[in-house]
Amino acid sequence: MTDAYSPEALIPKRFLRPDEDTVVSANERRILQLIWRNPGISRSEITGHIDLTQQSVHRILDHLAERGIILFGSAKPGLGRGQPSPMLRLSGSHAYACGISVNTDVIGICLMDFAGNLLGENEVPLRELTMAQALQRVKAKVADLQTQNDLSSESFFGVGFAIAGYHVDGTRHNAPLPLHEWSLIELGPIVASLFDRPAWVINGGKAGAIAESMFGAGRFIRHFAYLSFNYGFGGGVISDGELMHGGNGNAGEFSGMFDAVETERRPALQYLINRLNRNGVNVPSIHYMRRHFDQKWPGVFEWVEEVTPAYNRLVNAIRATIDPQAIVFGGQIPAELAQILIDRTQIFDRPRYGIHRASPKLIISEISSDAPAMGAAIMPFRRTFY
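Figured I'd write up the structure that's included with this text.

Rules used throughout
- Residues numbered from 1 in each chain as written.
- Predicted model: local features only at pLDDT ≥ 70, side-chain atom pairs only at ≥ 80, totals over all residues.
- Heavy atoms only, no water.
- Pairing = 2+ DSSP bridges.
- Helix = DSSP H or I, 4+ residues; strand = E, 2+ residues; numbered from the N terminus.
- Axes fitted to C-alpha atoms, helices over the stretch in contact; angles between N-to-C directions.
- Contact = heavy atoms within 4.5 Å.
- Parallel < 35°, antiparallel > 145°, perpendicular 65-115°, else oblique.
- Left-handed = near helix turned anticlockwise from the far one by under 90°.
- Nonpolar A, V, L, I, M, F, W, Y, C, P; charged D, E, K, R; others polar.
- Salt bridge = Lys/Arg side-chain N within 4 Å of Asp/Glu carboxyl O.
- Buried < 20%, exposed > 50% of the residue type's maximum accessible area, 1.4 Å probe, protein only.
- Phe/Tyr/Trp six-rings, centres within 6.5 Å; stacked < 30°, edge-to-face > 60°.

## As for the sheet that holds strand β9 (residues 199–203)
An order of β5-β4-β3-β6-β9 is seen for the five strands of this open sheet, with the pairing classed as mixed. Looking at the sheet topology across the chains shown, the edges are occupied by β5 (118–125) and β9. Within the sheet, the average angular offset between the axes of one strand and its neighbour, ignoring direction, is 15 degrees. In the sheet, strand β6 (residues 156–163) pairs with β9 via five bridges, with the strands oriented parallel. The residue bridging Ile163 from the neighbouring strand is Asn203, located in β9. Strands β3 (96–102), β6 and β9 of the sheet are contacted by helix α5 (residues 187–195), whose axis makes an angle of about 140 degrees with β6.

## Focus: the sheet that holds strand β12 (residues 242–243)
Reading across from one edge, β12-β11-β10-β13-β14 is the order of the five strands in this open sheet, with mixed pairing throughout. Both edges of this open sheet fall to β12 and β14 (361–364), since each of them pairs with a single strand only. Relative to β14, strand β13 (residues 326–331) is paired through four bridges, and the arrangement is parallel. In the sheet register, Phe329 faces β14, and the bridge partner there is Ile364.

## With respect to the packing of helix α4 (residues 131–148) against α5
Here α4 crosses α5 at 40 degrees, and the two axes come no closer than 11 Å. Relative to α5, the element α4 lies oblique. When the axes of α4 and α5 are compared, the crossing they make is right-handed. Counted together, Met131, Leu135, Gln136, Val138, Lys139 and Val142 of α4 and Ile190, Leu194 and Phe195 of α5 form the full contact between these two elements. Tallied by class, residues from the contact of α4 with α5 come to seven nonpolar, one polar and one charged.

## So, the pattern of salt bridges
A side chain with one charge can pair with a side chain of the opposite charge if their charged atoms come near. Throughout the structure, instances matching the rule amount to 15 salt bridges. The residue Asp51 makes a salt bridge to Arg30 at a minimum N-O spacing of 2.6 Å. Here the residue Asp51 occupies a position in the loop between α2 (43–46) and α3 (54–66), and Arg30 occupies one in helix α1 (residues 26–37), the gap between them amounting to 21 residues. Note on Asp51: relative accessible area 64%, which makes it exposed. Arg30 gets classed as partly exposed once you look at its relative accessible area, which sits at 33%. Between Arg344 and Glu305 there is a salt bridge, with the nearest N and O atoms lying 2.9 Å from each other. With Arg344 in the loop between α10 (335–343) and β14 and Glu305 in helix α9 (residues 300–321), this residue pair connects regions lying 39 residues apart in the sequence.

## Regarding the packing of aromatic side chains
Evaluation of the coordinates by the stated rule reveals 18 aromatic pairs. Centroid distance Phe114 to Phe381: 5.2 Å. Interplanar angle 80 degrees. Geometry classified as edge-to-face. In this pair, Phe114 sits in the loop between β4 (106–113) and β5 while Phe381 sits in helix α11 (residues 371–384), placing the two residues 267 residues apart along the sequence. Phe381 matches Phe114 in its accessibility class, with the two residues each being buried.

So this is what it looks like as structure tokens:
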């Protein structure tokens, strides 16, 4: 029996700590997380957030700076007397990663540096392409973005790979019918071999949730559910800033609450496209619909009426079981359509002694880029550094 695939075992040696097989220690990781979550934090402020002595913090920060992982900036004003303390930030030039998001109609591509800066985006239409053909086109697009941004292969850390479909085991996912060729196979080794870099594989809804936690609502909200409206319908759960995986890796697979009849009345965008096409509106893909959506298209409000009961039960099930501060509407749903659903939300609340139980805020994601591709791109760093 062969060993299970492990992306950590494939991390290029130049990124590892001297004579170790990890990129950072546990305390280094905690400090890097503080720097990410607190832009502009100073060196002297770190000790107020972590149970380490000032000497230990300074030693760790100096070591991280020597490796090019962090940068010392100018002194932070307004900290009182004493020697000015430099502000800290992650060094974008330390490394970059590639994010790939496989949807039923298009593959999104994103390059991101270590500090979370978006370096470039592209896409590959999937229509009539085999998996091998699609991956070769993705590789070519990534090479183009590397050239355009003058990025060296030395700084290429790894790949995050997101795919529509629920997790089975290892790096295998069970994707919708248009992606049958991508289903039930170990994707990690295939992607790692293609790019000669470690590849982390995740469900697309969870990748979107990661993007939202790092770049969207998660900057202000620590507990939220992320709804991923795509060809199918799924999502992810962020609890205290961390992605919840669940016992089988499928926390946030919200479509699982619907039976065989209800599943066609859940808010999956494949059914909206089918209805629009039956009403004479030529919508070739979800990608097209997101860019050109018009609520006046014949069939939109018929679909909304049909999915509203299942949608409302979903929102209330999330409220009752997860108790998030917010529910974020993301994936490929047009913002205008998300607002229509939000306006129809009914909370099944039964106040006791005149007191209502708190309800989550309903928020439309402000991430205009391909959220799963962004989440996939930051994932290699999120899994290893911070």
